[in-house]
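Letter by letter, the chains look like this.
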Amino acid sequence: MKNLIKRALTGIIFVAVLVGAICYHPISFLVLFSLITGLTLWEFYGLVKHYEDASIKRAVSSLGGVYLFAATFAYTNQLTDGVVFLPYLLFLIYTLVAELYYKAPNPINNWAFTLFAQIYCAGSFSMLNFIGAEPGTPGVMSYTPLFIMAIFIFVWLDDTGAYLVGSLIGKRKLFERISPKKSWEGFFGGLILVLASSQAFAWFAPEISRLNWLGLATTVVLFGTWGDLIESLLKRTLGVKDSGHILPGHGGMLDRFDSVMLAVPASYIYIDLFIRN
């Protein structure tokens, strides 16, 4: 019972902070997700630093990802031009060249893990900036939280629906080799709940068609499920149960954002192709 209360309180605070930062102001969004990007990278590099002689420079690599997120925020909000990405390119060059001097037993692992996390964590979170940016006046922030908020709500509702339906009637395994508890019944339960909730967004933002909201909802559920499975595969490969313990009762940052990190780039593709064009 104590664990259930701790989990519920953590979940409420987590959602409140996330929603507040996304909706309150562009700067609150920037600050919170820069922190989330850094913590996620720090956690990932901590998991892999002892895997098959990998030796990751956690601080430098985590800060590199934070810079990518902040630079993308500035670029998408038309506060600067592409020159803002030059320091990040220098970081990538440093990552490759530095292995010549570190004398690590397996430099290829270091390259692979470092660059994979930049794509998987920092790259995914940075895509939120493209989703949140609307064309506007140069030099003026054009941030709007609608689609970002929709993605997170869809992910949360999908998790809730999949858990409830899967717990009650789940029998057919969705992907037993990777995640034995997930079921097809849970998958469709979450999908139906998210599709229904998408119509509330259609009422709130009628300038976007109901069909497009359904398409975005489906995209989030499908790729969010794959994102969850990818993180499960990562943990199984590394031999860990939870990615961390930063969120009491909920595990680590990777555990909380696993679905989001694949749903975000997929949603951006959908939004750019079918809604904004």
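Residues numbered from 1 in each chain as written. Predicted model: local features only at pLDDT ≥ 70, side-chain atom pairs only at ≥ 80, totals over all residues. Heavy atoms only, no water.

## Remarks on the pairing of strand β2 (residues 179–183)
This is how the line gets drawn: Any two strands with at least two DSSP-identified bridges between them are counted as paired. The numbering of helices and of strands both runs from the N terminus, where a helix is a DSSP run of H or I of at least 4 residues and a strand a run of E of at least 2.
Bridging between strand β1 (residues 173–175) and β2 involves two bridges; their strand directions are antiparallel. The partner of K173 across the bridge, within β2, is S183. In textbook terms, the turn of a hairpin is the stretch between consecutive antiparallel strands, and for β1 and β2 this stretch comprises three residues.

## Things to note about helix α7 (residues 184–204)
Along an α-helix, residues three or four apart share an orientation, since each turn contains 3.6 residues. Spelled out, the test is: Expected helix span is given by 1.5 Å per residue-to-residue step, counting one fewer step than there are residues. Whether two residues are in contact is decided by their heavy atoms: any pair within 4.5 Å suffices.
Between its first and last C-alpha, α7 extends 31 Å over 21 residues, near the 30 Å set by a 1.5 Å rise per residue. Taken together, the buried residues of α7 touch α6 (146–169), β1, β2 and α8 (210–238).

## As for the nonpolar core
For clarity, the threshold we go by: Think of a nonpolar core as a cluster: buried Ala, Val, Leu, Ile, Met, Phe, Trp, Tyr and Cys residues, connected wherever their side-chain atoms sit within 4.5 Å. A 1.4 Å probe rolled over the protein chains alone gives each residue an accessible area, and that area as a share of the maximum for its type sets the label: buried under 20%, exposed over 50%, partly exposed in between.
Of all hydrophobic cores here, the largest spans 63 residues; its most connected members are F33, F152 and W213. Those residues in contact with W213 that sit more than four places away from it in its chain are L146, F147, A150, F154, S198, Q199, F201, A202, A205 and I208.

## Here's the deal with the packing of aromatic side chains
Counted only if it meets this: For this analysis, a ring pair means two rings from Phe, Tyr or Trp (six-membered ring only for Trp) whose centres lie within 6.5 Å, classed as stacked if their planes differ by under 30 degrees, edge-to-face if by over 60, and tilted for the remaining angles.
Counting across every chain of the model gives 25 aromatic pairs. When the centroid spacing of 5.9 Å and the interplanar angle of 45° are considered together, the rings of F152 and W156 count as tilted. Residue F152 and its partner W156 are located together in helix α6, separated by four residues, close to a single helical turn. Since its relative accessible area comes to 1%, F152 is described here as buried. Each ring, one from F187 and one from F188, has its centre 5.1 Å from the other, and the planes form 80°; the classification is edge-to-face. Among the residues examined, F187 registers a relative accessible area of 14% and is labelled buried. Relative accessible area serves as the criterion here: at 43%, F188 is assigned to the partly exposed category.

## Quick word on helix α3 (residues 58–76)
Its 19 residues place the ends of α3 27 Å apart at the C-alpha level, agreeing with the 27 Å of an ideal helix rising 1.5 Å per residue. Restricting attention to buried positions, one finds in α3 the residues R58, S61, S62, G64, G65, L68, F69, A71, T72, F73, A74 and T76. Here the buried face of α3 lies against α2 (26–48), α4 (86–102) and α5 (107–132).

## Here's the deal with the packing of α4 against α5
Put simply, the test is: Working convention: axes come from line fits to C-alpha atoms, limited for helices to the stretch in contact. Angles between N-to-C directions cover 0 to 180 degrees. Here the word oblique covers every angle except those under 35 degrees (roughly parallel), over 145 (roughly antiparallel) and from 65 to 115 (roughly perpendicular). Left-handed describes a crossing in which the near helix is turned anticlockwise from the far one by less than a right angle; the clockwise case is right-handed. For this classification, Asp, Glu, Lys and Arg are treated as charged, while Ala, Val, Leu, Ile, Met, Phe, Trp, Tyr, Cys and Pro are nonpolar and the rest, including Gly, are polar.
Relative orientation of the contacting elements α4 and α5 amounts to 160°, with a least axis distance of 9 Å. Looking at the two axes, α4 sits roughly antiparallel to α5. For the crossing formed where α4 meets α5, the hand is right-handed. Facing Y88, F91, L92, T95, L96 and E99 of α4, the residues of α5 in contact are P107, N110, W111, T114, L115 and Q118. Looking at the contact of α4 with α5, its residues break down into seven nonpolar, four polar and one charged.

## Re the side chain of E99
Relative to the helices and strands, E99 is located in helix α4. Apart from the residues lying within four places of it in its own chain, the contact partners of E99 are A104, P107, N110 and W111.

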